[in-house]
Amino acid sequence: MLAELSIKNFAIIDELSVSFEKGLTVLTGETGAGKSIIIDAISLLVGGRGSSEFVRHGTDRAEIEGLFLFDEEQHPSHEKAKQVGLEVEDGMIVLRRDITTNGKSICRINGKLVTLAILREVGQTLIDIHGQHEHQDLMNQDRHLTLLDQYGGEQVEEALTEYREVFSRYTSLKKQLDQLTENEQQMAHRLDLIQFQLDEIKAANLQLNEDEELNEERLKISNFEKIYTSLNDAYNALHGEHQGLDWVGVAMNHTEDISSLEKNYADISEIISSSFYQLEDASYKIRQQLDLLEFDPKRLDFIEARLNEINHLKRKYGQSVDEILEYAAQIEDEIDRIENRDTHVSKIKEQLDSVAQDLLVEANNVSTIRRKLAQELTDSIHHELQELYMAKTVFQIKFSVVNAGKNDVEVNGERIKFTKDGIDSVEFYISTNPGEPLKPLAKVASGGELSRIMLALKSIFSKHQGVTSIIFDEVDTGVSGRVAQSIGEKIHAISVDSQVLCISHLPQVAAMADNHLFIAKEIKGDRTTTSVLPLTLDEKVKEIGRMIAGAEITSLTKEHAKELLDLADKMKQTM
C-alpha cells in the first residue's frame, strides 16, 4: 500500500505530506482545490510523463516522494526490482522523482539513481491509476485480448509460453525464407558484396590470435636495445668482473664447512646453496636469451604493415582476428545458401510447414483456453453489471482469426496469420438496451455506462493483478441515485483486497470511505496553496452534507448525511 506521500513545489502545492491507510480512502473537496493534482503527482511518481509546467512558479524543482509497504514476499515489485538490480528490504520501497524547470527528471528507488523507464517498470507493479479518460483503454480493441489473458492468469500464460517457444522457431525460419526469396536484383547485389568481403578476408590469410602475437613481437623488437642492455648487465653482474655468482659460491663453501655443527648453520647453508644453483640456472638462461636476440629492422617493418592490414579488416568486419574469421564463416554459409538457393528454399519450406503444423496445434490450445475463459469472464461481468443496475445489459466477447496476408504461411490449405499472442482477435461487444443488437463497446456505451463497465471489469481484474494500490479519479462521473450507491459499494468491495484511493463528488461514494481526506485550497500571502485534512466523524457528516446540498447545509441535510454513513457502515459489515 501507499503509506506516505510527500509533495513539494508541485503545481499549486507548496509543501504537503499525506499519510494513507489500508482500505478505501476518499478524497473530496471543491472543484479546483487540487484533488486531481495529487493524483497527477502520484502518476509522475510511478513514471508518468513529466513537464516543467508542473514545477511551482518561482521554484527550481518539484519533488515527489512515496513510501510503499507490502506484506507478501512474492509481490510483483520484488521480482521487478530484482530484474533491474535493486534490493528491497523489510517490505518497503521508496520512490522519488524530482522535475527541474528545464523539464529533466531525476529518479530514485530506495535512494539509488535509476532511469525513468526503470521507475515506470517498478511503479506499475505498485499503483494502478484509473482516471476519467481511462475508459479509452476499454474502447481500444487491441487491449481486449490483453485483458482477457490477464483474467486467465497462469492458465493462459503457461499455454502462451509453450506457443511462443514454437513461434520463435517459426519466425526464425520465416525470416530465412524471406531472405532467400527476396528480389532477384537485391539478392545479386548482396551476393556480390559478401563475395568481395570473403575474398578480401581470405586474401589476408589470417591466423587465429595472429594480431595478439604480432603485437607481442613488435613490443619486443621496439624495445630491443632496452632488453639487450638489461640482460647483458644482469649476466655481467653474475659472471663479469664483479663475479657476483663466484662470491655467492664462496659464501656457499664457507657455510658448508660449519653446516654440521649446528642446525641454524645447516639452514643457512641450504638457503645459500639453493640460491647459488638458482642464480647459476638463471645466468645460463640469460646467456641463451642473449644468443637468441637479433635486431631485424625488416621484420619490424613487416609486422607494422601486417598489423595495418589487420586493423583495416577490423574496422570493417570485427574487433579481433577471431571475430573477422567468424564473420567470414558466416558469409561463406550465406553465399552457399544464395548460390544453392532453390535447394535451401525447398528445405526451409519443409521445416516451416512442419513447425507451422506444431504452431497451429499450440495456437488452437491457447484459443480453446481463451474461449472457455471468455465465457467465465462474461458471466462474471454480467453478475457485476447486475449489481451496478445494468441487469438488462448483454456483454459478449467475440472471437475472430487475425487477418492473414499473402506472405503468411499456408497450413492445411488455409493461410493463417500467427502473432506472438496466437491467432485470436478479440473484441468486446455490448447491448445496453433490450432488443438492440450487440455492437462494439466503443460505439454503444455512454460515459456513465462506461464508468460502470470499467468498474465491473476492475472488480474482477483487481483480484488477478496484485498491485499494491488502485486509484480511481472521478470514475463515477455521469451517474447518480441508486447507481451512485452501487458504485460506492463496488469500489469499497475492491478495497477489501487492495488499497483504494478515490476522488469523488458523490456523497454515496464518500459515505463508504474507511478514511476521508478533505482537499482545500487557500491563499497564504499572495500565493495559492493546497492542503489535505483527515476528517473526524462530525467533519465527515458536514462534508457529505455539502456534497448533497451544496453551499447551504441544513439540519435536514446533516440528518441525510448521517443516514448515508449509517447505511454505509451496515453495508460494510456484510461485505
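For the structure, see preceding data.
Only a predicted model underlies this, so the values are computations on that prediction, with no experimental measurement involved. (Residues numbered from 1 in each chain as written. Predicted model: local features only at pLDDT ≥ 70, side-chain atom pairs only at ≥ 80, totals over all residues. Heavy atoms only, no water.)

**Observations regarding the environment of Leu-119**
Rule in force here: Counting from the N terminus, the helices are DSSP H or I runs at least four residues long and the strands are E runs at least two residues long. Any pair of residues with heavy atoms lying within 4.5 Å of one another is described as a contacting pair.
Structurally, Leu-119 is set in helix H3 (residues 116-123). On a C-alpha basis, the gap between Leu-119 and Arg-97 in space is 8.9 Å, while along the polypeptide they are 22 residues apart. Apart from residues no more than four positions distant in its own chain, Leu-119 is found in contact with Leu-44, Leu-45, Val-46, Gly-47, Leu-95, Arg-97, Cys-107, Arg-108, Ile-109 and Val-114.

**Remarks on the nonpolar core**
Keep this limit in mind: The set of buried Ala, Val, Leu, Ile, Met, Phe, Trp, Tyr and Cys residues whose side-chain atoms join them within 4.5 Å is what this entry labels a nonpolar core. Buried, partly exposed and exposed residues are distinguished by accessible area as a fraction of the type maximum, computed with a 1.4 Å probe on protein chains only: under 20%, between the cut-offs, and over 50%, respectively.
Formed by 75 residues in total, the largest nonpolar core has its most connected members in Tyr-170, Ile-397, Phe-418, Phe-472 and Ile-491. With 15 residues, the single largest contributor to this core is helix H14 (residues 341-387). Phe-418 has contacts with Tyr-163, Phe-167, Tyr-170, Ala-356, Leu-359, Leu-360, Ala-363, Val-411 and Ile-423, leaving out every residue within four places of it along the chain. Residues Ala-33, Val-46, Leu-86 and Leu-501 belong to the second largest nonpolar core, which totals 42 residues.

**Here's the deal with the environment of Phe-295**
Along the chain, Phe-295 turns up in the loop between helix H11 (263-292) and helix H12 (297-317). Separated by 272 residues in the primary sequence, Phe-295 and Gly-23 have C-alpha atoms spaced 85 Å apart. Residue contacts for Phe-295: discarding those within four places in its chain leaves Ile-221 and Phe-224.

**So, the packing of aromatic side chains**
Applicable threshold: The criterion for an aromatic pair is that two Phe, Tyr or Trp rings (for Trp, the six-membered ring) have centres within 6.5 Å, with stacked assigned to planes under 30 degrees apart, edge-to-face to planes over 60 apart and tilted to the rest. Counting as a charge over the ring demands two things of the Lys NZ or Arg CZ atom: a distance within 6 Å of the ring centre and an angle within 35 degrees of the ring normal.
Enumeration over the complete set of coordinates arrives at seven aromatic pairs. Taking 5.1 Å as the distance between ring centres and 10° as the angle between the ring planes, the aromatic pair formed by Phe-10 and Phe-54 counts as stacked. Taken as a pair, Phe-10 in strand S1 (residues 2-10) and Phe-54 in the loop between helix H1 (35-45) and strand S4 (61-69) lie far apart in primary sequence, 44 residues in all. Each residue in the set Tyr-163, Phe-167, Tyr-170 and Phe-418 is aromatic and connected to the rest through ring pairs, giving one cluster. Geometry around Tyr-429 places Lys-398 over its ring, the cationic atom sitting 4.4 Å from the centre.

**Overview of the pairing of strand S5 (residues 92-100)**
Our working definition: In this analysis, strands are considered paired if DSSP registers two or more bridges between them.
In the sheet, S4 pairs with S5 via nine bridges, with the strands oriented antiparallel. Bridge pairing in S5 places Leu-69 opposite Met-92. With five bridges connecting them, S5 and strand S6 (residues 105-109) associate as antiparallel partners. Bridge pairing in S6 places Arg-96 opposite Arg-108. With antiparallel pairing between neighbouring strands as the criterion, S5 and S6 make up a hairpin whose turn holds four residues, including Gly-103 at a positive phi of roughly 90°.

**A closer look at the side chain of Arg-56**
Where we set the bar: Residues scored as positive are Lys and Arg, those scored as negative are Asp and Glu, and His as well as the terminal groups of each chain are ignored. Each salt bridge in this description consists of a side-chain nitrogen of Lys or Arg and a carboxyl oxygen of Asp or Glu lying within 4 Å of one another. We call two N or O atoms a polar contact when they sit within 3.5 Å, provided that within protein one can donate a hydrogen and the other can accept it, with sequence-adjacent residues counted only if both atoms are side-chain atoms.
Within the element layout of this structure, Arg-56 appears in the loop between H1 and S4. The side chain of Arg-56 sits in the buried core without any salt bridge; Asp-14 is the nearest counter-charge, 4.3 Å away. Of the polar contacts made by the side chain of Arg-56, one reaches the backbone oxygen of Ile-12; its length is 3.0 Å.

**Some points on the sheet that holds strand S13 (residues 439-440)**
Defined as follows: Helix axes are fitted only over the stretch in contact, all axes being lines through C-alpha atoms; the angle between N-to-C directions runs from 0 to 180 degrees.
Strand order in this open sheet of three strands is S9-S12-S13, and the pairing throughout is antiparallel. Every interior strand has two partners, whereas the edge strands, strand S9 (394-401) and S13, have only one. Sheet topology places S9 next to strand S12 (residues 424-431); eight bridges connect them, and they run antiparallel. Pairing of Ile-397 across the sheet is with Phe-428, part of S12. With respect to the sheet, helix H5 (residues 141-152) is in contact with S9 and S12, its orientation differing from that of S12 by roughly 100°. Strand contacts of H14: S9 and S12, with the helix running at about 165° to S9, the strand carrying the most contacts.

**Concerning the side chain of Lys-490**
Relative to the assigned elements, Lys-490 resides in helix H16 (residues 481-495). Exposure remark for Lys-490: the relative accessible area of 7% places this residue in the buried category. For Lys-490, the side chain forms a polar contact with the side chain of Glu-384, separated by 2.4 Å. Apart from residues no more than four positions distant in its own chain, Lys-490 is found in contact with Glu-384, Glu-387, Leu-388, Leu-455 and Ser-459.

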